[in-house]
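In case you want the letters, here they are:
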Amino acid sequence: MRKIKMLITLTTSLTLSMAALTACGVAEAATHEAKSETTTAAMTTTAGETEHRSPSNRLEDILSRGYIEVATEPAFAPNEFIDPSKTGDDQYVGSDIELANFIADRLGVELRLKPMDFTSVLGSMTSGKYDLAISALAYTPARAETMNLSKGYYFGSEDPQKAYGILIRKEDADKIKTLDDLADKTVVAQNGSIQEMFVREQIPAYGKYNQVSSTNDAFLMVQTGRADAMAAALKMAQLYLDSNPECGLMILPDFYFKVDESTQGTRIGIPKGEDELTDRINEIIDEVIEKDLYNKWYEEYKEYAKKIGID
């Protein structure tokens, strides 16, 4: 997470990038709509872009044109975030950005990053607008219906059953001790995230549920009292707490969302039906895992984020 001034920088950057993309922000629950839009959207060219989308073999298309377009939401440190001291594509850093560069290098093409909000990252895959989504994607059944998903490339060192939980205000520690205590409370999660799925499927009752486009917004909603609890990836939540010791937030003790271990691992999103591209991406992921590259990138950018004050 980043401090308030970082939120302003990110919001400004993403607003400019999103002007032409809001129409493809498709909610995962509406998978039938996403499927119906795929063929049409894949053949649409944004003004100023060259038509390059091939419905038959996107891998050949990428190699032929000489560049790969990767959608990402640069608001999830240490996977992808913005270094405000840099400009242009250099400002986008993180372990997922390293992975994107590695993939482009292995394919022998130029990397073109496409920063946007998370909902639009997902929509860009269901519509086929861009080639890959590398943005700390977790597996969900809805995503598997609307896009191809790569093998997992990051599993973390923690117990997967302790990877996701709830963030609350310290002042509410005596009021919120279990999920039952959320029955009259406002819960927030990032739209389209696996945490949203946990809220809908595992919290028995809540007073109100708010969707936000950014995890930054979710942290701030709880911090400022506009929400009472946030469904969160606990590694990222802890990074936020470490970077903002005066934020007044805490992780709810001894509670974890239940996780299907067979679907664990951070994935790359790929347009539906692009099986040759998926196979090639999986081959590159095999190399990344064999050399233990991603774990090294993750630890490197975790320290990087702390050093520049990004949470």
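Residues numbered from 1 in each chain as written. Predicted model: local features only at pLDDT ≥ 70, side-chain atom pairs only at ≥ 80, totals over all residues. Heavy atoms only, no water.

### Quick word on the sheet that holds strand β12 (residues 267-271)
Taking strand neighbours across the sheet as the criterion, the 5 strands line up as β4-β1-β5-β12-β6 in an open arrangement whose pairing is mixed. Lying at the two open borders of the sheet, with one neighbouring strand each, are β4 (110-115) and β6 (147-149). Strand-to-strand twist of the sheet, defined as the mean angle between neighbouring strand axes without regard to direction, takes the value 30°. Here strand β1 (residues 67-72) runs beside strand β5 (residues 132-137); their pairing, made up of 2 bridges, is parallel. The residue bridging A71 from the neighbouring strand is A133, located in β5. Contacting β1, β5, β6 and β12, helix α5 (residues 118-126) runs over the sheet at an angle of about 140° to β5. The strands that helix α10 (residues 275-290) touches are β5, β6 and β12; relative to β12, the one it contacts most, it runs at about 160°. (Pairing = 2+ DSSP bridges. Helix = DSSP H or I, 4+ residues; strand = E, 2+ residues; numbered from the N terminus. Axes fitted to C-alpha atoms, helices over the stretch in contact; angles between N-to-C directions. Contact = heavy atoms within 4.5 Å.)

### Observations regarding the packing of aromatic side chains
For the coordinates displayed, the defined rule picks out 13 aromatic pairs. Each ring, one from F255 and one from F257, has its centre 5.0 Å from the other, and the planes form 80°; the classification is edge-to-face. Judged by its relative accessible area of 14%, F255 is buried. Exposure remark for F257: the relative accessible area of 1% places this residue in the buried category. Within the aromatic cluster, the residues linked to one another by ring pairs are F102, Y153, Y154, Y294, W297 and Y298. (Phe/Tyr/Trp six-rings, centres within 6.5 Å; stacked < 30°, edge-to-face > 60°. Buried < 20%, exposed > 50% of the residue type's maximum accessible area, 1.4 Å probe, protein only.)

### Some details on the environment of I284
Tracing the sequence through the fold places I284 in helix α10. Residue classification places I284 among the buried positions, given a relative accessible area of 1%. In this structure the C-alpha to C-alpha distance between I284 and R106, which are 178 residues apart in sequence, comes to 7.4 Å.

### Considering the nonpolar core
Core analysis: the biggest nonpolar cluster contains 31 residues, and I68, L99, I103, L132, I134 and I268 have the highest contact counts within it. Of all the secondary-structure elements, those providing two or more residues to this core are α3 (58-65), β1, α4 (95-107), β4, β5, β12, α10 and α11 (293-307). The element that contributes the greatest number of residues to this core is α4, accounting for 7 residues. Beyond its immediate chain neighbours, meaning those up to four positions away, I134 contacts V70, A71, T72, E80, D96, L99, A100, I103, Y153 and I268. Grouped together as the second largest cluster of nonpolar side chains are 25 residues, M236, M250, F255 and F257 included. (Core = buried A, V, L, I, M, F, W, Y, C linked by side-chain atoms within 4.5 Å.)

### Comments concerning a negative patch on the surface
Taken together, the side chains of E60, D275, E276 and D279 make up a negatively charged region of the molecular surface. The element contributing the most residues to the negative patch is α10, with 3 residues. Structurally, E60 is set in helix α3. (Patch = residues over 30% accessible without salt bridge, like charges linked within 9 Å, V, L, I, M, F, W, Y side chains within 5 Å. Areas by Shrake-Rupley, 256 points an atom, 1.4 Å probe, with all protein chains shown as cover. Salt bridge = Lys/Arg side-chain N within 4 Å of Asp/Glu carboxyl O. Lys, Arg positive; Asp, Glu negative; His and termini not counted. Charge placed at Lys NZ, Arg CZ, Asp CG, Glu CD.)

### Points about the confidence of the model for the protein chain
For the protein chain, per-residue confidence averages 84 on the pLDDT scale, and residues scoring 70 or more make up 81% of the total. Between residues 1-52, whose pLDDT stays under 50, and residues either more than four places distant or in other chains, the model counts 89 contacts. (pLDDT = per-residue confidence, 0-100.)

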